[in-house]
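Here's the letter readout for the chains.
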Amino acid sequence: MSNQHASSGSNEIPLSRPDITEAEIEAVSAVLRSGRLSIGPVLEQFEKQIAARTGNDYGVGCSSGTAGLHMALLALGIGPGDEVVTTPFSFIASANPILMVGATPVFVDICPKTLNMDPALVERAITPRTRAIIAVETFGNPAHFDAYVQIARKHEIPLVEDCCEALGCALRGRACGGFGRIGVFGFYPNKQITTGEGGMIVTSDKRLAELCRSLRSQGRPTGEVASAGSVNWLQHERLGYNFRMSEINAALGVVQMRRLDEIIEKRQRVSEMYTRHLAGHPDVILPTLEPESVMSWFVFVVRLTTGYTAAERDRIIAGLQRHEVGSRDYFPCIHLQPFYRRLFGYKVGDYPIAEAVSSRTIALPFFNDMSEREVDHVCRTLDLMIKREGLSRG
Ligand SMILES: *Cc1c(COP(=O)(O)O)cnc(C)c1O
């Protein structure tokens, strides 16, 4: 199995590693041999798989999760003057699409246990200008999604599910991707399944699905966009994009989807190893899970206890990296990113819980075939770096 992150011959344990088998390689080769590299049957198959798995009528494959969210907001008619409520504790791609359509993000703080938006604060953030809520299953945790659905329904605004970190998770038996009016998955190599690059919109709203298909392919007429041979191929009804997913990427996705249950189980197993090794560590807070949630592990993120500063956490991460243990600060708050500060004047203290959490997180190496020995090595190195930081504190 190839590993794009590790340098050969080292003992490096990467932060993530795609799980590609001979079956994926074979499927990609078959597409290459077929001569049909885009707009073909393999993407349609992948779209059907994702739609079925998430309880939706339609899947619209696209070039990335970001492109999918961009199209979702366009299809919902969101634009300048509109507000979209979302979380500041996420990868930046969950908020940027709001700016891409010219709307204004309205951040709300998170629940310190689940790391998803606090539903009471979502409710309070809604104004007459709110046109959507974008909710993220942070790190694959579906907590509060039933509450978001209720709030969206009450205020008659669409819930957009950014489920890019969450394929396979469920809340009270309801699969993620099925909560919102529209949902978006991402398939970058560190996600649960990968297509290299790619994304997928899911919805049961036929009009939205058709609009997204048109937006994905240069604004071609809805209902006509699938076929390059169709008479309307050079008719463009609206400003569109090229956000298509190739057959090559889709072939990867089809095989990864067939393996999804196996992949989720493997990730669950690795999360359990980490929990065993780190339970009871006095300085480490482990991810918590509500009993009604089935997590689909995207990454394994622990937190240092409240006594630690961001600078101390950063030195611990640097120490892990120096010892060839992949590690990162998932995620710096979106509102404190330089261009968000510039655009909206955000400052430290605006979203105190998200900031406090974000300043103490440490993402640890996490991939499907991680061994007990590797987990043990990561945990020992983490413990060593924490102890060293404590010593230098005096
Ligand atoms: C990965 C991710 C995305 C989309 O990422 P792409 O790289 O564009 O596929 C969007 N939102 C969140 C929360 C993500 O983690």
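Residues numbered from 1 in each chain as written. Predicted model: local features only at pLDDT ≥ 70, side-chain atom pairs only at ≥ 80, totals over all residues. Heavy atoms only, no water.

**Digging into the domain arrangement of the protein**
Heads up, the condition is: In this document the domain limits rely on a domain assignment from an automatic tool or a database. Between two residues, a contact is recorded if the distance between any of their heavy atoms is within 4.5 Å. A 1.4 Å probe defines the accessible area here, and the buried area is the portion of it lost by two parts on being joined, summed over both. By definition here, a salt bridge exists when the distance from a side-chain nitrogen of Lys or Arg to a carboxyl oxygen of Asp or Glu is within 4 Å. Under the rule applied, a polar contact is a pair of N or O atoms within 3.5 Å (in protein, one hydrogen donor and one hydrogen acceptor; residues adjacent in sequence only if both atoms are side-chain atoms). Per the convention used, a helix needs a DSSP run of H or I reaching at least four residues, while a strand needs a run of E reaching at least two, with both numbered from the N terminus.
Partitioning the protein into structural domains gives domain 1 (22-258) and domain 2 (260-393). Computed from C-alpha atoms alone, the centre-to-centre distance between domain 1 and domain 2 is 26 Å. Listed by partner, the interface residues are 41 residues for domain 1 and 37 residues for domain 2. Carbon and sulfur atoms make up 63% of the area that domain 1 and domain 2 hide from each other, which totals about 3300 Å². In terms of surface lost to domain 2, no three residues of domain 1 exceed Phe107, Phe139 and Gln192, which account for 20% of the buried area on that side. Remark: the boundary between domain 1 and domain 2 carries 3 salt bridges. Put simply, domain 1 and domain 2 have 16 residue pairs in polar contact (both at pLDDT 80 or more) between them. Mapped by element, the contributors of at least two residues to the side of domain 1 that touches domain 2 are α4 (96-100), β3 (104-107), β6 (170-171) and α8 (247-258).

**A few points about the pattern of salt bridges**
To be explicit about the condition: Relative accessibility decides the category of a residue: with a 1.4 Å probe and only protein chains considered, values under 20% of the type maximum give buried, values over 50% give exposed, and everything between is partly exposed.
Taken as a whole, this structure holds 23 salt bridges when the rule is applied. For Glu83, the salt bridge goes to Arg129, with nearest N and O atoms at 3.5 Å. With Glu83 in strand β2 (residues 83-86) and Arg129 in the loop between α5 (119-125) and β4 (130-136), this pair connects stretches of sequence that are 46 residues apart. On the accessibility criterion, Glu83 (12% relative accessible area) is buried. Across the pair Arg172 and Glu292 runs a salt bridge whose closest N-O atoms are separated by 3.5 Å. Remark: Glu292 occurs in the loop between β10 (284-285) and β11 (293-294) and Arg172 occurs in the loop between β6 and β7 (174-175); sequence separation between them is 120 residues. For Arg172, a relative accessible area of 53% gives the class exposed. Salt bridges sharing common partners tie together Asp19, Glu24, Arg259, Glu262 and Lys266.

**Topic: the sheet that holds β10**
In plain terms, the rule: Strands are labelled as partners when DSSP assigns at least two bridges between them. All axes here are fitted lines through C-alpha atoms, helices being fitted over the stretch that makes contact, and every angle between N-to-C directions spans 0 to 180 degrees.
Reading across from one edge, β10-β12-β13 is the order of the 3 strands in this open sheet, with antiparallel pairing throughout. Sheet topology places β10 and β13 (361-364) at the edges, where each strand pairs with a single neighbour. For β10 and strand β12 (residues 300-304), the ladder comprises 2 bridges, and the chain directions are antiparallel. Residue Ile285 lies in a different strand from β12, and its bridge partner there is Arg303. Here helix α9 (residues 260-278) sits on the sheet and contacts β12 and β13; the angle it forms with β12, its principal contact strand, is near 20 degrees. In this fold helix α13 (residues 372-393) packs onto β10, β12 and β13, with an angle of close to 150 degrees to the strand it touches most, β13.

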